[in-house]
Structures are given as structure tokens and as C-alpha cells.
Amino acid sequence: MVDSQYYLPNDIGISALDCSEAFRLLSPQEKMYAHYLSRASWYGGLAVLLQTSPESANIFVLLQRIFRKQTPAQLEQVATAAGLSSEEYQAFLVYAAGLYANMGNYKSFGDTKFIPNLPKDKLKALVWASQAFQEQPAEMEALWDSCSCLLYSLENRQKQLGLGDKGITTYFSGNCCLEDAELAQKFLDSKKLSAYNTRLFKKEDGGKTCYEVRLASAVQKGQTAVKKAKTKGKKCFSFEDKEFTVKRGDYSPIMEKVCYYLEKAQAYAANENQRKMLEEYTRSFTLGSIEAHKEGSRYWIKDKGPIVESYIGFIESYRDPFGSRGEFEGFVAVVNKAMSERFAKLVSSAEVLLPELPWPQEFEKDTFLKPDFTSLDVLTFAGSGIPAGINIPNYDDIRQTEGFKNVSLGNVLAVAYATQKEKLTFLEEGDKDLFIKWKGPSFEVQVGLHELLGHGSGKLFVQDDKGKFNFDQSKVINPETGEPVSSWYRGSETWDSKFSTIASSYEECRAECVGLYLCLNKQVLSIFGHEGQDADDVVYINWLSMVRAGLLGLEFYTPDSKSWRQAHMQARFVILRVLLEAGEGLVGLEEVTGEDGKPDARITLDRSKIPTVGKNAIHRFLCKLQVFKSTADVEGGRAVYDNYSTVSDTGAHNFLRLRETVLLRKEARKMFVQANTRISEGKRSLVEYEGSAAGLIRSFTERFQDDAEQLESSLLELSKQDAPCWC
């Protein structure tokens, strides 16, 4: 029997993202703008297949070829004739939907591999019986042979994403380890190159180690991204007795399509900021320049309150095992004006709320750059998954001095966190109705605080290349030691490059703590329309939801490698540990036997102690997190964070045993079906699909129908070129 965490259940939740009303209200020009940005996003999102695993692109092409010839409904009769039961065919559809939704065969949330929940010989029989195989038997057999072994393989290293012997990654060649990643980061820092749009390939040449840093770009030749280097698309450098080559052209055909559609979108931009933003993005994806992307992001920040909001590029670094390289994503969304008004009020109150945070004034940014904060209905979100809220750009230098934007994805929130009472695990019966009633509203408050005042707060102490400091060394005192600040970021060091493997989770933990801390503020609750008893209930459910999430987070811990696979869930487990440590009966966690006779757990929270014991615990911990972050104290920050992240079977709670209980009772994460935009005879329309595995599959086969064969050929070629690097 295959462990259930490695396949997707047949009854997995699949919901359609509703954006029909939002799209209908757009003007013809706005619809064209949204259409072309959506196309750019969807094509760019295909790069994620190549960023995930060696086999993902080939599996994607295999599925596309099958479903382009026969819809899921048409293929069902073929499956029955080939000997598949209805459950097995449904398992195949769910697997295909999962691959599309995650843009690869590893879960975007948790980084665990998933395989089809039907025998390999049954799947092979279905492929052989398909019309696609009947028409092109040699090509389809070759495609099957290229990916079928890895499609089903659950060897230890292949069970999860990771670096070296800890898992699979295609951000690094198969022979790279942590030391290679660290050396490459030093090299990139020395050349003032960002790692966001790179991958690293290591080769041995005549006994000498050579590294190839590959930049994502449409062009493959011409001047490289390193100044004064004008060789044919690459330049060699000697660094710490190793050879480094910087080369353009990673994902080249995909980047070409992105640039093509961004140029089309420019003609429909609403203003000069949008036009210049798209111009810089196009330059970034053409040349592989993060500086151009930063410039585009500056124009994006200046584009206040657009009707159609978007962002695109190599953005989040959660899935790079080293924490520096960005996964491609692109979104297009329409502003929900009513909900956005609440967030605008929160922004207006930010300067009053920031001083409430538990660190000294010197540790806060010199000025709060009021960002746009809008609630959006997602039209398109291409990449490996869809978050509930976003705070971008991720470039520290821009965020610290020029600003950022926050978005809350309203139509995602509406369906992602709807919960059925019978599926609510680990809570007391008396809490369940309250939890269902207030989970959505409390999460909305948490997302707002997390994004705006969590990610948007705190200063980084920096000494620039010219030796200039952005703080007064003689006066700023470290509140944890009582001594003057003795460490800071130097030159081109960034939060991600300095804190690397823990940066993402640590920052999510800091932002979650800000949300817990400030949701106790009556003014915040009032902004979101909660007063009196309702406000108290929102606070209680927000805190209860966090401690429950900390327990649920154990699903995303791998005991064999002692590693966490999901930044947010590690953060929530850390918070659970902090609140348990606070004692005084604030949080209770006990192992029990469920009504079904199997192991269960029960989590409780004393709501009367949240404003005292709970607040004090988060106050102390949050101050520590900020001080380590501000002062670039990696050693101190890592020691504290790793300590709370430890999952063991000793101490007051046997977390390793609790992890088994969590796995036994886990619910699969929902998948989303997204609409397509289409232009036909000058008319702009939205094509919607049902919220099912079949609907999700159809949305993808119709998404790329214009140039399907050329696109599939490009993906296979890119996959084939890299194949020798993973051995």
C-alpha cells in the first residue's frame, strides 16, 4: 500500500474561481489588457514545470496530447474498455488535475511528490488505448518511456523536493549540495547579480570544478548580465579557485512567448506607469535582467489603484531549497471596490498601529510608505498554487525605501477556507460552530495584518558599498542584549541571501505573529466591521485557528531528513510551540482516542488568557525575531528558530507521534479551476469551466490550443537538454 500522503484522494475538493461579474464590468480596453496579461502569465507559468522536477514537463505534454484528442468524458468509455474501474479512471483524472494545478508532480504546498492512485499497468493500458496513441504510437510510446518510471517512483530522495540527498530539485544540477549553493551565492553577491531568475549547474572539467549560472531570458546570445562581459552570451570568471560561467537563455522559448504577450498588452495600458512597467518587464524577460524587473516593479508601485491589477516574474523563493531563487508566477485580477475600502482604512491607520509593535522605534522603517492595499478577484493566477494574500515586490532595497503593494485575493478566500463541520479535526465540539462562523472573517483580518503590517514593517540595518550606514551605530541599542548593535547587512547582502534556508519561513512567522498581536487592537477589529462580542469571537477564532494550524503543520515535516517542506506551516508550528511554552493553561494539547477507535488529538485555547499570557508571549518572541532580522544576526536567529522548529518525541508533547495522527486525519488541499479569456471576431469573452477534475483538465487543454504542438515540442526539447544534469 502506498502511503496516502503520496496520492490525491478521489474526493479532493475542486472549486471554480468565480470572476465572471468582475470581468463583465471591465471596459473593452481593460478586457484586452487583462487578456494579454493573462496569456503572458499562463505561458510563463509553464516554466514552473522545468523548475519543479526532471519529469514534470514530459508528464504535462503526455496529458495534453491525450486530452487534446479526447475530452475527459470521451476518454471515459476508452478507459472502461481498457479495463479501468470508474474509481481508477477518476483517480487518473484527479492526478491529471493535480499536475495542472501544481504545475508539476510535487504539491505546491508541502513539496511532497504525488503519484497516480491506480496501478501503472492500468494507466499504461489507457495511454495505449487513447486516440493520441492510435494516431502517433511511436511518439506517444517514447513520451511514456521518458517519464513513466519517475511518474511512479517513490524512492526516498524522490518523495520530496530538496537539495542533494534530501530531495529533488531542478534549481540545481543533481551533483550540487549545500556548499555549492553557498559558494554560488557568494559569487553572485560579488558580481551584484540576483539569484531570483537563475539556476545552477555544476560540471567537472579536467579535474576542475566549473559552475554554470543560467539566467532565464528569451535571448541566448549577446551581452551578458555581468558588466563588461561581451562574449557570446556567456562570460567566465575565476572565483575562490573555481570557474563560474554566466549564461543566458534558460526557458528561452517560454520567455519569448511571455514577452510577445506583454508587448501586446502595452497597447491597452491605462496609463504611462503601466506602459513603462510592461516595457521593463519585457526587457527583464528578454535579457534576463533582474535590474529591469526592479525598474518595472517601481512603476508598478506607482500605479496606484488600477482597475486591472497584475504582477509577473520570478517572485517567491519558497521552493528553492537554498531560499534564493524565485519560482515563476503571474496574476491578473480585478479590484473589488467594497472590500478594498476596509483595507484602505487599515492603511490609513498603519502609522498609529506600527508603534504598537513590540520593538524600539529605531527598529522600524524611518517612514511608512503607504502602499496600495486592495481586495482582488483573481482572473488568472499562473504558477504552482494560489495564495490568499500577497505583499510584493520582494526586493528589500525597494520595500525599505520606495514602497510595496498588498493584495488580498477575495474570490480565493471565499472558497479556500469554507469548512464542513464533519471535516473539522482536533477541536472540541463546543468550538466547531463558532470556528465555522468566524474562520472566514478572522482570516480576512489576519491576512490584512500579516501582509500590510507584518511583511510591511521592520527596518534592516544596512551599510552600503560606500560605507554609509542607514542607522546611528553609536546610539541604536539591541533590546535583547542591552549593548550597541554590532551586526548589519553589508553591500549587496539581502535578507534572502543572508538568512537563506530559513528566510522564507522565519519571515512568514514574523508576519503571522504581527497578525496575532495586532488583531487584539479594537480599532483594527472595528475597521473590519467587528464590535463587541463578535470582535471577541473573531480574536478567539483567529488565535484558535493559528494553534490548530500549528498542529496541522506537522504533515509538512519529514522526520527522515529532519526538514520542513512548507514555510507557512513551519511558521505556524513554531507559534504553537511558543504559545505552549507560555504555560499558565493558555493552550492545551492532548492525545486522545477518536470515536472511530483510532488515535486523535484535541487542542484547546483559554480565551480569557489571550490578552495577557498570549499577548505577552507573542510580544517577547516577535521582538526577538525582529531584532535578529534587523541586525542580520543569522546565528542568533537560526538558533532560536531551529529550536522552536524541532519535532521530537521527547518533552511534554510527543510531536512525532502527533504527526502520525495528523497524517491519519488530514484533508487534501483544495484545487482551483480558472477561466480562460478569449478574443473571437473582435469580441472579448470569458470561458468558464465546472469545478471538477474534468473542468480543470479542459481549462488547460483549451488554454494552449492555438500553438499546442509547437509549445509541447519546445517543452520536450528544454526537458531533454537538461536531462543529463539530473543524474
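Treat the numbers as computed from the prediction; the structure is a model and nothing was measured.

Asker: Tell me what's going on with the domain arrangement of the protein chain, and back it up with residues and numbers.
Answerer: Each assigned domain of the protein chain is listed here: domain 1 (40-161 + 693-725) and domain 2 (426-665). If you average the C-alpha positions of domain 1 and of domain 2, the two centres end up 37 Å apart. Taken together, the contacts link five residues of domain 1 with six residues of domain 2. Both sides of the domain 1 and domain 2 interface together cover about 540 Å² of buried area, and 54% of this is carbon and sulfur. Summed over the three residues of domain 1 that lose the most area to domain 2, namely Phe109, Gly110 and Gln160, the buried surface amounts to 73% of that side. The tally of links from domain 1 across to domain 2 stands at zero salt bridges. For the side of domain 1 that touches domain 2, the residue count by class is one nonpolar, three polar and one charged.

Asker: Now, about the pairing of strand S6 (residues 308-316): what can you tell me, with residues and values included?
Answerer: The buried fraction of S6 amounts to nine of the nine residues, a majority that puts the element mostly inside the structure. Direction of pairing for S6 relative to strand S7 (residues 327-335): antiparallel, over a ladder of eight bridges. Residue valine 308 lies in a different strand from S7, and its bridge partner there is valine 334.

Asker: Tell me about the pattern of salt bridges, and name the residues and values.
Answerer: Counting across every chain of the model gives 46 salt bridges. In this structure, arginine 24 engages glutamate 21 in a salt bridge whose closest nitrogen and oxygen atoms are separated by 2.7 Å. Here arginine 24 pairs with glutamate 21, and both are found in helix H1 (residues 20-24), just three residues apart, close to one helical turn. The exposed category is assigned to arginine 24, whose relative accessible area is 51%. A relative accessible area of 42% places glutamate 21 in the partly exposed class. Between aspartate 111 and arginine 319 there is a salt bridge, with its nearest N and O atoms 3.1 Å apart. Pair noted here: aspartate 111 is in the loop between helix H6 (86-102) and helix H7 (120-129) and arginine 319 is in the loop between S6 and S7, with a separation of 208 residues, a long-range link. Summarising the burial analysis for this pair, aspartate 111 and arginine 319 share the class buried.

Asker: Give a detailed account of the nonpolar core, specifying residues and quantitative values.
Answerer: Judged by nonpolar contacts, the single largest core of 117 residues is most densely connected at Leu46, Phe60, Phe92, Met255 and Phe285. Looking at which element gives the most residues to this core, the answer is H6, with nine residues. Every residue in contact with phenylalanine 60, bar those within four places of it in the chain, is listed here: Leu46, Leu49, Leu99, Tyr100, Met103, Phe700, Phe704 and Leu715. The next biggest cluster of nonpolar side chains, apart from the first, holds 93 residues, and it includes Ala350, Phe426, Val547 and Cys623.

What counts and what doesn't
Residues numbered from 1 in each chain as written. Predicted model: local features only at pLDDT ≥ 70, side-chain atom pairs only at ≥ 80, totals over all residues. Heavy atoms only, no water. Domains from an automatic or database assignment. Contact = heavy atoms within 4.5 Å. Buried area = accessible area lost by both parts, 1.4 Å probe. Salt bridge = Lys/Arg side-chain N within 4 Å of Asp/Glu carboxyl O. Nonpolar A, V, L, I, M, F, W, Y, C, P; charged D, E, K, R; others polar. Buried < 20%, exposed > 50% of the residue type's maximum accessible area, 1.4 Å probe, protein only. Helix = DSSP H or I, 4+ residues; strand = E, 2+ residues; numbered from the N terminus. Pairing = 2+ DSSP bridges. Core = buried A, V, L, I, M, F, W, Y, C linked by side-chain atoms within 4.5 Å.

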